[in-house]
Amino acid sequence: MAKTQTKYVCTQCGHEELRWRGQCPECDGWGTLQEEVGLKPSPAAVARSRSPLGAEAPRRIAEIGLEDFGRWSTGIGELDRVLGNTALDGKLQVGVVPGSVVLLGGDPGIGKSTLLTQVGHIVSRTVGPVLYASGEESVQQIKMRSRRLGPSGADLYLVSETDIDSIERAVAQVNPCCVVVDSIQTMRHPEVDSSPGTVSQVRTCTEALMRLAKGRNTAVFLVGHVTKEGAIAGPRVLEHMVDTVLYFEGERTQTYRILRAVKNRFGSTNEIGVFEMGGEGLCEVENPSEMLLSERDANGPGSVVTAAMEGTRPLLLEVQALAAPSHLAQPRRSATGMDFNRTQMVLAVLEKRVGLRLGNLDVFTNVAGGVKLMEPAADLAVALAVASSLSDIPIDAETLAIGEIGLAGEVRAVQNVEKRLQEAARLGFRRAIVPARSARRLGAGIGLELVPVQTVRGAVEVAFSG
């Protein structure tokens, strides 16, 4: 009879202890050790988990060919953009790397299963067989839900199963190019005597799927539940094990969704994909700048447009600010969609270098559309939006502001200014307030009136003079 063992596993890092502790000695997390009772692994299980690829002799890197190891497209351009691209034999290939493991997380109802079901439909028609394994729905429920997503391919296979060994047998039978597991928290391994979703089950099932992916060059997509803090449920080691971690962002009450990579071994983590949830599933938004500015009040004070770079794509975003009298001893400061500390710095520069009195005011800043704007190129837009709200004077709706602000009140140059301005000109903007150093680098033919500024004070003056 197999012996059981009791251990305490950290939900953050996966560290194991034989006794309970209040603080994890590995990651210093408090209250993260949870009790798990499981079977001691058999020798066969230990041998199987030593290497995902089995015994293999070392090979020189020059002897390893990539002729049959090219990426294949999911058929969804926004998803391919986030997954990355590779130049192979002089051609740019985008999409999924064979043998990769992709973890997709997001809030309930955000569209994770919808997106991967659409991927299954397209890939089964264009690339090869796809196996969709669900531990939450029956095959009839999956088909009923997917009928609105368009015609399905003949090689899309469905299985309702939570046992990881059964899924491995189904993979051996179908031999798919892609496997979707919805979700990893519902899977269980027969050699681990604990409930699905526990640290041991999630880690062991992910190891089994990783061995399957690397050994068969089959791409595996995992759906991950998220906690109330917004992190993927289960141990943090789960994110370290997989090749790519994607997050779906957005509100369920809104139609727009943003797909972002927080880890990508085969591509950039700066790219984003923009989708719109409709009656026929998720639709790509080919012009996100126009979408993000569609509801802007052009004549309202406290609104300034800036241009941010998300990977190789310029996005025009509306930065909003509201400065209102405060009835509190300590006025409130709020920054939604941008770095709070950097916003505080911009407000301090406005007080010290420009002379705006904000000490007795509540100041709220926001990036419209739910996009997270983290780069310093938006500093100037934040400053002008606050100044506009404070004076209750709107800034010209066809004016764009780009620039980083220093503590001395100077406006510093930013990268890729030409790409940003070309996107603004395409959408009909006629004037751009830019750092003086950036303006000197630009050539003719931008299609915008450039207003170079060296200080925040000068930017505020020219913004209200136009």
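Preceding block: the structure.
Before going into details, it helps to say that this report is about the structure given with it. What you are looking at is a predicted structure, and each value in this text was computed from that prediction instead of being measured.

1. What about the sheet that holds strand β10 (residues 219-224)?
- As summarised here, the arrangement of the nine strands in space is β8-β7-β9-β10-β6-β11-β12-β13-β14, forming an open sheet in which the pairing is mixed. Of all the strands in the sheet, the pair left with one neighbour each is β8 (156-160) and β14 (281-284). Taking the axes of each pair of neighbouring strands and ignoring which way they run, one obtains an average angle of 25° across the sheet.
- Taken together, the five bridges between strand β12 (residues 256-264) and strand β13 (residues 272-278) define a ladder with antiparallel strand orientation. Across the sheet, the residue bridging to Tyr256 is Glu276, located in β13.
- Contacts from helix α5 (residues 164-174) reach β7 (130-134), β8 and β9 (178-182) within the one sheet, and its direction differs from that of β7 by about 165°.
- Sitting on the sheet, helix α6 (residues 199-216) touches β6 (101-106), β9 and β10, and the angle it makes with β10 is about 160°.

2. Considerations on the nonpolar core
- In terms of nonpolar packing, the biggest core is built from 47 residues, with Leu317, Leu350, Leu380, Leu384, Ile433 and Val456 touching the most fellow members.
- For this core, the element with the highest residue contribution is helix α10 (residues 379-391), accounting for eight residues.
- Beyond its immediate chain neighbours, meaning those up to four positions away, Leu350 contacts Gly355, Leu356, Leu358, Ala383, Val386 and Val456.
- Counting residues in hydrophobic clusters, the runner-up holds 30 residues, among them Val130, Ile142, Leu156 and Phe221.

3. Let's talk about the packing of α10 against helix α13 (residues 456-465)
- Running from N to C, α10 and α13 point in directions that differ by 55°, and their axes come no closer than 10 Å. With respect to α13, the axis of α10 lies oblique. α13 is crossed by α10, and the crossing has right-handed handedness. Where α10 abuts α13, its residues Leu380, Ala383, Leu384, Ala387, Ser388 and Ser391 lie against Val456, Ala459, Val460, Ala463 and Phe464.
- A per-class count over the contact of α10 with α13 returns nine nonpolar, two polar and no charged.

What counts and what doesn't
Residues numbered from 1 in each chain as written. Predicted model: local features only at pLDDT ≥ 70, side-chain atom pairs only at ≥ 80, totals over all residues. Heavy atoms only, no water. Pairing = 2+ DSSP bridges. Helix = DSSP H or I, 4+ residues; strand = E, 2+ residues; numbered from the N terminus. Axes fitted to C-alpha atoms, helices over the stretch in contact; angles between N-to-C directions. Contact = heavy atoms within 4.5 Å. Core = buried A, V, L, I, M, F, W, Y, C linked by side-chain atoms within 4.5 Å. Buried < 20%, exposed > 50% of the residue type's maximum accessible area, 1.4 Å probe, protein only. Parallel < 35°, antiparallel > 145°, perpendicular 65-115°, else oblique. Left-handed = near helix turned anticlockwise from the far one by under 90°. Nonpolar A, V, L, I, M, F, W, Y, C, P; charged D, E, K, R; others polar.

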